[in-house]
Amino acid sequence: MQGVMPKVRGLDFPPLKAGEVWLVGAGPGDPGLLTLLACHALEQAEVVVHDALIDARIFDLIPAAVERVDVGKRAGRESPRQDSITARLIALARQGKKVVRLKGGDPFVFGRGPEEAVALEQAGIVVRVVPGISAGLGGLAWAGLPLTTREGVAVALVTGHGPDGEAPTDFDWRALAQSASVLVIYMGLRQRAEIARQLMKAGRPADEPVSLVGRAATPEQVVVVTTLGQLGGLTEAELPPTPALMVIGRRPMGSTWAPV
Ligand code: SAH
């Protein structure tokens, strides 16, 4: 990545040392949404352990000599278990490698980053977290969806399923429906009918706008606008490509970085 990192005068980032693991957020897609610190980390890495959700254009920034390990978890497909991912990170660090653990969006937003950080710390390994732009924040802004307006009082970031993939029936949807004007639901498409049912049961109106944003901040970005009443009846063909977010209570406005 030599030469890609903008030389920013006066900034003095710490080096990624041998045996350290940096948990780096890659943002939602577009390389323009990487932070300077993320670029700095990628420039120094000897090995990059990454998820399935990383945009191909970000890989293009990593030199070919850097080892890449794909530990991607894809919904519904066979994928490495979390403990084997952590074991791999610990082993690489103990070999004295400079390790970047690259995660989509922000490493501490619904990405199991905290578990990895704790396991590494418990193994005596130095971990640093490089925050990233979460899909449900900057990714939505990229797609033209403002999360807060003067009318809204609260936004909730919600996961569409429990820790083991189970349906979100045990969540307190009533409390969420009543406290947050906008709900940003990660990993929720498959549960759309149940989520819509729970929210309407809790009093959210059937004509409330819902935006489904697929592949935010990538050239394949698609925004589907519907209503809470129609959400449950959408067919697979009507859904945007994944990964996708469901935004209850918002529709896109203004100009956006639409794909060209
Ligand atoms: N740490 C990530 C989230 C990981 S959970 C972050 O902060 O963004 C994975 C979920 O994130 C996906 O199921 C999807 O709901 C959402 N997601 C990640 N990247 C996305 C993108 N480019 N567009 C839309 N949704 C995305």
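Structure first, text after, so check above.
Structural notes, computed from the coordinates.

Conventions we followed
- Within every chain, residues take consecutive numbers counted from 1 along the sequence as written.
- For a predicted model such as this one, the threshold for reporting local features is a pLDDT of at least 70, and the threshold for listing and counting side-chain atom pairs is 80 or more; totals across whole chains, interfaces and linings nevertheless cover every residue.
- For side-chain calculations, the full set of non-hydrogen atoms in the structure is used, while hydrogens and water are omitted.
- Aromatic pairing here means that ring centres of Phe, Tyr or Trp (its six-membered ring) are within 6.5 Å. Orientation follows from the plane angle: under 30 degrees is stacked, over 60 is edge-to-face, and everything else is tilted.
- Burial classes: relative accessible area under 20% of the type maximum marks a residue as buried, over 50% as exposed, and values in between as partly exposed (1.4 Å probe, protein chains only).
- Here a strand is any run of E in DSSP of at least two residues, a helix any run of H or I of at least four, and the numbering for each starts at the N terminus.
- The arc in question is the one spanned by the directions pointing from the helix axis to the C-beta atoms.
- Contacts are residue-level and defined by heavy atoms, with any inter-residue pair within 4.5 Å sufficient.
- Patch definition: residues above 30% relative accessible area lacking any salt bridge, with like charges linked at up to 9 Å and the nonpolar side chains Val, Leu, Ile, Met, Phe, Trp and Tyr linked at up to 5 Å.
- Residue exposure ignores everything except the shown protein chains as possible cover, and the areas themselves are Shrake-Rupley values with a 1.4 Å probe.
- The salt bridge criterion pairs a side-chain nitrogen of Lys or Arg with a carboxyl oxygen of Asp or Glu, the two atoms within 4 Å.
- Being near a molecule or strand, for a residue, comes down to having at least one heavy atom within 4 Å of it.
- Any N or O atom pair separated by 3.5 Å or less is treated as a polar contact, with the protein-specific requirement of one donor-capable and one acceptor-capable atom, and with residues adjacent in sequence counted only for side-chain atom pairs.
- When residues are sorted by character, Ala, Val, Leu, Ile, Met, Phe, Trp, Tyr, Cys and Pro go into the nonpolar class, Asp, Glu, Lys and Arg into the charged class, and all the rest, Gly among them, into the polar class.
- Here the bounds of each domain stem from an automatic or database domain assignment.
- Strand pairing requires that DSSP identify at least two bridges connecting the strands.
- Axis lines are fitted through C-alpha atoms, for helices just across the contact stretch, and the angle between N-to-C directions can take any value from 0 to 180 degrees.

**Things to note about the packing of aromatic side chains**
Piece 1. Within this structure, the stated rule accounts for two aromatic pairs.
Piece 2. Their ring planes at 25 degrees and their centres at 5.6 Å tell us that F171 and W173 sit as a pair that is stacked.
Piece 3. For F171, a relative accessible area of 24% gives the class partly exposed.

**What about helix 4 (residues 113-122)?**
Piece 1. What helix 4 keeps buried is the set G113, E116, A117 and L120. Buried residues of helix 4, viewed axially, fall in a sector of 100 degrees; they line one side.
Piece 2. Residues of helix 4 that are buried sit in contact with strand 1 (21-25), helix 3 (82-94), strand 4 (99-103) and strand 5 (127-130).
Piece 3. G124 occupies a position one or two residues after helix 4 and carries a positive phi of about 80 degrees.

**Some words on a nonpolar patch on the surface**
Piece 1. The grouping of F110, L137, V155, L157 and M187 at the surface amounts to a nonpolar patch, some 380 Å² of accessible area in total.
Piece 2. Here M187 shows up in the loop between strand 7 (182-186) and helix 7 (192-201).
Piece 3. A relative accessible area of 38% means that M187 is categorised as partly exposed.

**A look at the site of the ligand**
Piece 1. Taken together, 17 residues form the shell around the ligand, and within it V109, S134, A135, A216 and A244 come nearest.
Piece 2. A distance of 2.9 Å separates a nitrogen atom of the ligand from a polar atom in the backbone of G104.
Piece 3. One of the backbone nitrogen or oxygen atoms of A216 is found 2.8 Å away from a nitrogen atom of the ligand.
Piece 4. When the residues that make up the shell around the ligand are grouped by side-chain class, the tally is 12 nonpolar, three polar and two charged.
Piece 5. Each of domain 1 (20-133) and domain 2 (136-248) contributes no fewer than three residues to the shell around the ligand.

**Quick look at the sheet that holds strand 9 (residues 222-227)**
Piece 1. Strands sit in the order 6-7-10-8-9 across an open sheet of five strands; the sheet is mixed. One side of each edge strand has no neighbouring strand; the edge strands of this open sheet are strand 6 (155-159) and strand 9. With strand direction ignored, the average angle separating the axes of adjacent strands in the sheet is 20 degrees.
Piece 2. In the sheet, strand 7 pairs with strand 10 (residues 244-248) via four bridges, with the strands oriented antiparallel. Its bridge partner being in strand 10, Y186 is matched across the sheet by L245.
Piece 3. Lying on the sheet, helix 5 (residues 135-142) is in contact with strand 7, strand 8 (209-214) and strand 10; it crosses strand 7 at an angle near 110 degrees.

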